[in-house]
Amino acid sequence: MVHTLLTLGDSYTVGEGLPLAESFPYQAVQLLRKAGYPFSPPEIIARTGWTTDELAEGITRTHLLPTYDFVSLLIGVNNEYRGRPLQEYATQFEELLFQALQFAGGQAAHVFVLSIPDWGVSPFADSSLPDAAGRDRAQVAREIDAFNSIAQKTAGRYQVEFIDITSHSRSSTLFAADGLHPSGQQYRYWAEQLAGRIKTRLAE
C-alpha cells in the first residue's frame, strides 16, 4: 500500500526560495521512504503570502482526492504579518482544521498542526539592513505566540497533535537566500518531527 500525505499551508509549506525537494513535505516523505514506508509525492496546497481565508479558497479551487492517509496544517504567519485579528484567525483556523480532519477520513491521530515559526528572528526583520521589514522583533514574537496559542488550543479540542517548531525557528541561523524563509537544513528538522510522528502512527 502506497501512503498519501496532504500538506496545507503557505510559503513555509512550499519551501519558498528553495528547490521543491528541500521543502519539509518532500523531505518528510523521503525520510519515510528511507524508513521503508512507501509514500506518493506529497500533495501541497500552499502559496507564498496566503492567509487562512486564502488557503481555504485554494482548497476549494483544487481537485483533491476524497481522503489522504495523513494531513498537515501550517498557516497563520501572514495573518500576523498583515495585522489581521486574532478572532478572525481563530474562526478560520478551526474551519481549516475541520477540513483537514475530513481529508484524513475523520482520523484525528492522522492530522498534524505545525506551529507558526517566528520570522522575527530572520535577517529580513532586522531594521538595520536595507530592504528589511524593520519590525520590532519582540512584538513579532508576542504576536506569533498569540496566534500559536489559538492554533494549539484548537488542535487540542479536536485531539489533533500540535508540533512545536517555533522554538527551533528561534534558535536557528539557517535561512534561504531571501533572508526570511528557512533553509533546507532548518526544514529538515521540521520534516524529522513530522515523519517521526507519522512513523509512530504507521507502526501502531
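Up top is the structure.
Remember, predicted model here, so these are calculated numbers, not experimental data.

**Concerning the layout of surface pockets**
- In this model, the largest pocket occupies a volume close to 150 Å³.
- Surrounding the largest pocket, Ser11, Tyr12, Thr48, Gly49, Val77, Asn78, Tyr81, Trp119, Phe124, Leu180 and His181 form its lining.
- Among the elements of the structure, helix H1 (11-14) and helix H4 (77-81) are those that each provide at least two residues to the lining of the largest pocket.
- No other element matches the three residues that H4 contributes to the lining of the largest pocket.
- Taken together, the residues of the lining of the largest pocket sort by class into six nonpolar, five polar and no charged.

**A few points about empty space enclosed by the protein**
- Counted according to the given criterion, the structure contains one cavity of 30 Å³ or more.
- Here the largest cavity defines a volume of roughly 50 Å³.
- Among the residues making up the lining of the largest cavity, the classes are represented as eight nonpolar, three polar and one charged.

**As for the nonpolar core**
- Grouped together as the largest cluster of nonpolar side chains are 56 residues, with contacts concentrated most on Leu8, Leu55 and Val71.
- Broken down by element, this core gets its largest block of residues, eight residues, from helix H5 (residues 86-103).
- Contact partners of Val71, with chain neighbours within four places excluded, come to Leu5, Leu6, Leu8, Ala100, Phe103, Ala104, His110, Val111 and Phe112.

**Quick notes on the pattern of salt bridges**
- In this structure the tally under the stated criterion is ten salt bridges.
- As a salt-bridge pair, Arg157 and Glu94 come within 3.6 Å of each other at their nearest N and O atoms. Here Arg157, found in helix H6 (residues 137-157), pairs with Glu94, found in helix H5; they are 63 residues apart in sequence, far enough to count as distant.
- With relative accessibility at 53%, the residue Arg157 sits in the exposed group.

**Observations regarding the pairing of strand E1 (residues 5-9)**
- Taken across its five residues, E1 has five buried, putting it largely inside the fold.
- Side chains Leu5, Thr7 and Gly9 project from E1 onto one buried face, and the interleaved Leu6 and Leu8 project onto a second face that is buried too.
- Here E1 pairs with strand E3 (residues 70-73) via four bridges, running parallel. Note on E3: the bridge partner recorded for Leu5 is Phe70.
- In the sheet, E1 pairs with strand E2 (residues 43-46) via four bridges, with the strands oriented parallel.

**Let's talk about the sheet that holds strand E4 (residues 111-114)**
- Ordered by their spatial adjacency, five strands build an open sheet running E2-E1-E3-E4-E5, and the pairing between neighbours is parallel. The open sheet is flanked by E2 and strand E5 (161-163), the only strands paired with a single partner. The mean inter-strand angle of the sheet, taken between neighbouring strand axes irrespective of direction, is 20°.
- Across the face of the sheet, helix H2 (residues 24-34) comes into contact with E1, E2, E3 and E4 while running at roughly 160° to E1.
- Against the sheet, helix H8 (residues 184-203) touches E1, E3, E4 and E5, its axis set at about 155° to E5.

**Description of the packing of H5 against H6**
- At their nearest, the axes of H5 and H6 sit 10 Å apart, and the two run at 35° to each other. Judged by the sense of rotation from one axis to the other, the crossing of H5 with H6 is right-handed. Listed contacts from H6 to Leu86, Tyr89, Ala90, Phe93, Glu94 and Leu97 of H5 are Ala146, Phe147, Ile150, Ala151, Thr154, Ala155 and Arg157.

What counts, and where the lines are drawn
Residues numbered from 1 in each chain as written. Predicted model: local features only at pLDDT ≥ 70, side-chain atom pairs only at ≥ 80, totals over all residues. Heavy atoms only, no water. 1 Å grid on protein atoms, 1.4 Å probe; cavity = no way out; pocket = protein on both sides within 12 Å on 5 of 7 lines; lining within 4 Å. Points joined across faces, edges and corners; volume = space filled by probe spheres on them. Helix = DSSP H or I, 4+ residues; strand = E, 2+ residues; numbered from the N terminus. Nonpolar A, V, L, I, M, F, W, Y, C, P; charged D, E, K, R; others polar. Core = buried A, V, L, I, M, F, W, Y, C linked by side-chain atoms within 4.5 Å. Buried < 20%, exposed > 50% of the residue type's maximum accessible area, 1.4 Å probe, protein only. Contact = heavy atoms within 4.5 Å. Salt bridge = Lys/Arg side-chain N within 4 Å of Asp/Glu carboxyl O. Pairing = 2+ DSSP bridges. Axes fitted to C-alpha atoms, helices over the stretch in contact; angles between N-to-C directions. Left-handed = near helix turned anticlockwise from the far one by under 90°.

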